[in-house]
Amino acid sequence: MDENPDGTKNHICLDSELVRLIFKSLPIALLATLISSTIFSAVHWYYMAERSIFIWLLLINTISLARLGLYIKFRSIDTSHHLHVTWKHASLISSIASGAAWGAASIWFFPQYEIIPQVFLTVIVAGMCAGAVTTLSPLLSSLASFIFLAVTPLSIQFYLTGTVIGYAMSTMSALFLLVILFNSKRLNQLIYELLSTRQQLEQSRADIHRHALFDFLTGLPNRRMLMERLSQEVSRSTRHNHLGAVLFLDIDNFKTMNDSLGHNVGDQLLKLIAERIRERLRDEDMVSRLGGDEFVVLMTEVGNDILNANFKAETLANDIQALFHRPFDVHGHELHITASIGIVVFPFANATPEEVLQKSDVAMYE
C-alpha cells in the first residue's frame, strides 16, 4: 500500500478495513437479534398488549431485514479496494436504528412494579450491548450510538419508578453505560493499532519484494527478476517449440554525458528512457534495467521459425532506436542520444539464461 507523506491514504485503508470487520460480523449480530427479540416477545406476550409487542417485533425485524439486505449488497461488491465512506455511514445508521429499537423496548415494555420482568429486560438489553461490543467495536461511533440508545431509556425508566431500588438500578445502568463505553474505546484503539501494525508489516514485505525484484530508480524489473523470467521462457520455448528473443540495449556515451551534466540529469534521463521503451512493448514482453545504462528487453513467442523470429526482433530493435530520434528534455537540457542493441534468438543448443544474456551482450558490442 502506498502512503502519502501525511498518512492520509493509510488512514483511508484502515477505515475501509474497519468497515469490512463490521460487515463480516453482521450475520452473528443479526442472529443474536433474532433470537433475543423472539425470546423477549414470547416472554412479554402474556402480560403486555399483544398489539404493542407485534409492532415492536415488526419494527426490529424490519430493521434486521434492512441490515441483512445491506450485508448482501456489501458481499456483492469488490471489497478488496478502498470502500466508499457511504458504507461507514450505512453501518452507523443501521446501528442507530437497532439501538433505538431496543431502547423503545425499555419504554414500551418496562413494568413499573414487576421486579422479575425488570431484571429480565435489563439482562436482555445488557446482553445485546455485550454482543454489540464484539461486533461493532471496529467503529466506535456505531458502537457508542447503539449502546447509548439501548441503555439510556432503561436507566431513565428505572429512575422514574421513584423507588430506592429504581434509583439504584438507574445509577447502575448509567455506570454500566460509562464502563462499557470506556472499555469499547480501548478495544477500538486496540483493533486500530493491530490493523495498523498489520498494514505496516504488509507494506514492509511489499517494499522488500519490490527492492528485491525491481530497480529502485526506474521501477523496471531488475537483473534477478529478468533471470527468473528468462529461465521460465527458455524452458517454455524449448518445451513448446517456439522462439523468443532478447534485446540487449546500451546507451551510447552515457557515462560522458552523466559526468558532464551530473547524476541528477543522468538519473532522470534513465527514467525517461525506461518509460519510452515500456510504452512500445507488448503486454507479454518485459524490459528490465541491469544497472547503469544497460537495458534488456525480453520478447516471448516471436514465432516458430528463425527467419520470422529474427524479423520481429529486428523490427522491435529498429522501433526502439527510433524512440531516440526524439530528443529528451531533462532539467532544461535537450539531449540527443543513441543506443546500441544486440539481439539473440533462443532457444539454441544447451541454452541457459546466463548464456542467452551473455550472447546478447556480445551481439550488442558486435
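None of the values given here were measured: they were computed from a predicted structure.

A few words now on the overall build of the protein chain. Each helix and strand in the protein chain was counted, giving 12 helices and six strands. The C-alpha radius of gyration of the protein chain comes to 34 Å, more than 25% above the 21 Å expected for a compact globule of 366 residues. Expressed as a percentage of the 366 residues in the protein chain, the buried residues total 44%. Residue pairs in contact within the protein chain that sit at least 24 positions apart in sequence constitute 72% of those at least 6 positions apart.

So, about empty space enclosed by the protein. Summed over the entire model, instances satisfying the criterion amount to one cavity of 30 Å³ or more. Roughly 80 Å³ of internal volume is contained in the largest cavity. What lines the largest cavity is simply I22, F23, S25, L26, A29, R67, L70, S91, S94, S95, T135 and L136. For the lining of the largest cavity, the secondary structure elements donating two or more residues are α1 (8–24), α2 (26–44), α3 (50–76), α4 (85–108) and α5 (115–136). A per-element tally of the lining of the largest cavity places α4 first, with three residues. Considering only residue class, the lining of the largest cavity consists of six nonpolar, five polar and one charged.

Another point: the side chain of T161. The topology assignment puts T161 in the loop between α6 (140–160) and α7 (164–213). We classify T161 as buried; its relative accessible area is 15%. Apart from residues lying up to four places away in sequence, T161 is in contact with F110, Q112, Q118 and G166.

Here we take up the packing of helix α8 (residues 223–240) against helix α12 (residues 353–365). Interaxial distance between α8 and α12 falls to 9 Å at its minimum, and their mutual angle equals 110°. Classed by the angle they form, the pair α8 and α12 counts as roughly perpendicular. Between α8 and α12, the contacting residues are R223, L226, M227, L230, S231 and V234 on the first element and P353, E354, V356 and L357 on the second. Here the contact of α8 with α12 is built from residues that sort into seven nonpolar, one polar and two charged.

For the rest of this paragraph, the subject is the packing of α6 against α7. Contact geometry for α6 and α7: axes closest at 8 Å, N-to-C directions at 175°. By the criterion of interaxial angle, the relationship of α6 to α7 is roughly antiparallel. Here the residues of the contact of α6 with α7 are counted per class, giving 15 nonpolar, seven polar and one charged.

Attention shifts here to the pattern of salt bridges. Scanning all chains against the criterion turns up 13 salt bridges. A salt bridge links R236 to E301, with the nearest nitrogen and oxygen atoms 2.9 Å apart. Taken as a pair, R236 in helix α8 and E301 in strand β3 (residues 294–303) lie far apart in primary sequence, 65 residues in all. Classification of R236 as partly exposed rests on a relative accessible area of 26%. Accessibility expressed as a relative area gives 41% for E301, which makes it partly exposed.

On to the packing of aromatic side chains, then. Going through the model one piece at a time under the given rule, you end up with 13 aromatic pairs. Three or more aromatic residues joined by ring pairs make a cluster, and in this case those are F40, W56, W102, W108, F109 and F120. Between the NZ or CZ atom of R276 and the centre of the ring of F328, over which it lies, the distance is 3.6 Å.

Take α8 next. A rise of 1.5 Å per residue sets the reference length of α8, with its 18 residues, at 26 Å; its end C-alpha atoms lie 25 Å apart and thus fit the reference within 8%. Within α8, the full set of buried residues consists of L226, M227, L230, E233, V234 and S237. The arc enclosing the buried residues of α8, seen along the axis, measures out at 130°, which places them on a common side. Across α8 from its buried face, at more than 90 degrees, point the exposed residues Q232 and R239. Contacts made by the buried residues of α8 are with β1 (243–251), β2 (286–291), β3, β6 (339–346) and α12. The opening residue of α8, the one whose side-chain oxygen lies 3.2 Å from the backbone nitrogen of R224, is N222. Taken from the residues just after α8, N241 is the one with a positive phi, measuring 60°.

For the rest of this paragraph, the subject is the sheet that holds β2. Sheet architecture is open: four strands sit in the order β2-β3-β1-β6, paired in antiparallel fashion. At either margin of the open sheet sits one strand with a lone partner, and together these are β2 and β6. In this sheet, neighbouring strand axes are inclined to one another by 20° on average, regardless of whether the strands run parallel or antiparallel. By the bridge criterion, eight bridges tie β1 to β6 in an arrangement that is antiparallel. The residue bridging V246 from the neighbouring strand is V344, located in β6. Strand contacts of helix α10 (residues 263–280): β1, β2 and β3, with the helix running at about 5° to β3, the strand carrying the most contacts. Contacts between α12 and the sheet are confined to β1, β2, β3 and β6, with β6 contributing the most and set at about 140° to the helix.

Let us now look at unusual backbone geometry. For the bond running from F346 to P347, omega is 5°, close enough to zero to count as cis. Even without glycine at this site, N241 takes up a positive phi of about 60°. Inspection of the secondary structure assignment puts N241 in the loop between α8 and β1. Even without being glycine, N350 reaches a positive phi, approximately 55°. Relative to the helices and strands, N350 is located in the loop between β6 and α12.

Reading the values: the criteria
- Residues numbered from 1 in each chain as written.
- Predicted model: local features only at pLDDT ≥ 70, side-chain atom pairs only at ≥ 80, totals over all residues.
- Heavy atoms only, no water.
- Helix = DSSP H or I, 4+ residues; strand = E, 2+ residues; numbered from the N terminus.
- Rg over C-alpha atoms; globule rule 2.2 N^0.38 Å.
- Buried < 20%, exposed > 50% of the residue type's maximum accessible area, 1.4 Å probe, protein only.
- Contact = heavy atoms within 4.5 Å.
- 1 Å grid on protein atoms, 1.4 Å probe; cavity = no way out; pocket = protein on both sides within 12 Å on 5 of 7 lines; lining within 4 Å.
- Points joined across faces, edges and corners; volume = space filled by probe spheres on them.
- Nonpolar A, V, L, I, M, F, W, Y, C, P; charged D, E, K, R; others polar.
- Axes fitted to C-alpha atoms, helices over the stretch in contact; angles between N-to-C directions.
- Parallel < 35°, antiparallel > 145°, perpendicular 65-115°, else oblique.
- Salt bridge = Lys/Arg side-chain N within 4 Å of Asp/Glu carboxyl O.
- Phe/Tyr/Trp six-rings, centres within 6.5 Å; stacked < 30°, edge-to-face > 60°.
- Lys NZ or Arg CZ within 6 Å of the ring centre and 35° of its normal.
- Expected span 1.5 Å × (residues − 1).
- Arc of directions from axis to C-beta.
- Polar contact = N/O pair within 3.5 Å; in protein donor to acceptor, adjacent residues only side chain to side chain.
- Pairing = 2+ DSSP bridges.

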